[in-house]
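Residues per chain, in single letters:
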Amino acid sequence: DAGITQSPRHKVTETGTPVTLRCHQTENHRYMYWYRQDPGHGLRLIHYSYGVKDTDKGEVSDGYSVSRSKTEDFLLTLESATSSQTSVYFCAISGERDIYEQYFGPGTRLTVT
Amino acid sequence: AQSVTQPDIHITVSEGASLELRCNYSYGATPYLFWYVQSPGQGLQLLLKYFSGDTLVQGIKGFEAEFKRSQSSFNLRKPSVHWSDAAEYFCAVESYGNKLVFGAGTILRVKS
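In this report, the structure presented in the accompanying data block is examined. Here the structure is a predicted model, which is why all the values come from computation and not from measurement. For every chain, the first residue of the written sequence is number 1, and numbering continues from 1 onward in sequence order. Whichever chain is written first becomes A and whichever ligand is written first becomes 1, with later ones labelled in order. Two thresholds apply to this predicted model, a pLDDT of at least 70 for residue-level local features and 80 or more for giving and counting side-chain atom pairs, whereas whole-chain, interface and lining totals are computed over all residues. Excluded from the side-chain calculations are hydrogens and water; all other atoms, namely the structure's heavy atoms, are used.

### As for the side chain of B:T106
All names here are of chain B.
Okay, so step 1: Turning to its location among the elements, T106 is positioned in strand 12 (residues 106-111).
Okay, so step 2: Burial classes follow relative accessibility: with a 1.4 Å probe on protein chains only, a residue under 20% of its type's maximum area counts as buried, one over 50% as exposed, and anything between as partly exposed. With a relative accessible area of 1%, T106 lands in the buried category.
Okay, so step 3: Within 3.5 Å is the distance limit for a polar contact, defined as a pair of N or O atoms, with the added protein rule that one can donate a hydrogen and the other accept it, and that residues adjacent in sequence qualify only through two side-chain atoms. Engagement of the side chain of T106 in a polar contact is seen with the backbone oxygen of D8, the distance being 2.6 Å. Counting from the N terminus, the helices are the DSSP runs of H or I reaching at least four residues and the strands are the DSSP runs of E reaching at least two.

### A few points about the state of the cysteines
Okay, so step 1: Here, two cysteine sulfur atoms that lie within 2.5 Å of each other are counted as a disulfide. Summed over all chains, the structure comprises 2 disulfides over all chains.
Okay, so step 2: Note on cysteine connectivity: A:C23 is disulfide-linked to A:C91, with sulfurs 1.9 Å apart. Residues A:C23 and A:C91 share a disulfide whose torsion about the S-S bond is about -70°; that sign makes it left-handed. On the criterion of sequence distance, the pair formed by A:C23 in strand 3 (residues 19-25) and A:C91 in strand 9 (residues 87-94) is long-range, its members being 68 residues apart. Here A:C23 matches A:C91 in class, with each residue buried.
Okay, so step 3: Here B:C23 pairs with B:C91 through a disulfide, and the sulfurs are 2.0 Å apart. As the torsion about the S-S bond is roughly -65°, the B:C23-B:C91 disulfide counts as left-handed. Of this pair, B:C23 sits in the loop between strand 3 (19-21) and strand 4 (24-26) while B:C91 sits in strand 10 (residues 87-95), placing them 68 residues apart in sequence.
Okay, so step 4: With a relative accessible area of 0%, B:C23 lands in the buried category.
Okay, so step 5: Note on B:C91: relative accessible area 0%, which makes it buried.

### Description of unusual backbone geometry
Okay, so step 1: Between A:S7 and A:P8 the backbone carries a cis peptide bond, its omega angle lying at -10°.
Okay, so step 2: Looking at the element boundaries, A:P8 is found in the loop between strand 1 (4-7) and strand 2 (10-13).
Okay, so step 3: Of note in the backbone geometry, A:K53 takes a positive phi value of approximately 70° without being a glycine.
Okay, so step 4: Along the chain, A:K53 falls in the loop between strand 5 (42-51) and strand 6 (54-57).
Okay, so step 5: Even without a glycine there, the phi angle at B:S72 is positive, about 50°.
Okay, so step 6: Within the secondary structure, B:S72 is located in the loop between strand 8 (64-68) and strand 9 (73-78).

Below, the structure is given as structure tokens:
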């Protein structure tokens, strides 16, 4: 299995509070992605990174920001959490050799009350 | 824009029966296509991928998929389903910028 961890694995937070989710990889892969998974929508891309300090928006980026200060870590921040951001968040990585072959972390279940 | 449609939200199959999960894509050229599986409470695992060449591709766990350009389809098949195959299955297509676009998923239930 690809070395990808996500923390925390579960979080309950209140509306309006900031939340940061962490994705950590030990594969030295260049590309990292944040998705959210909601019933009936599959996985939707929030943000992705193609290198240290190089990030770009996905299809559902509003309300989210990311940072990647080193290869192994990709942080997803909800500046002011809303109930619509209750979801399961997945991190994925891919290497330069097989760019489209993504490996997924175990997920973080976030509940915003 | 690229898109993926999985027409079946739920499918129930008897153990030992054959399985086919449907996937249709929208893409301007010959795409890279993928099937992922997600067991309850887990992340996604790559089952198989199609890049080019032989239109019938083999994957892990006894799964295969066939690319049909004329039908814009990439259906997943297994000749004999096991109870452990119960999971959610996602089809995905490449998108520009090294990204994937996923379908909404099909939940497979296996009855004994």
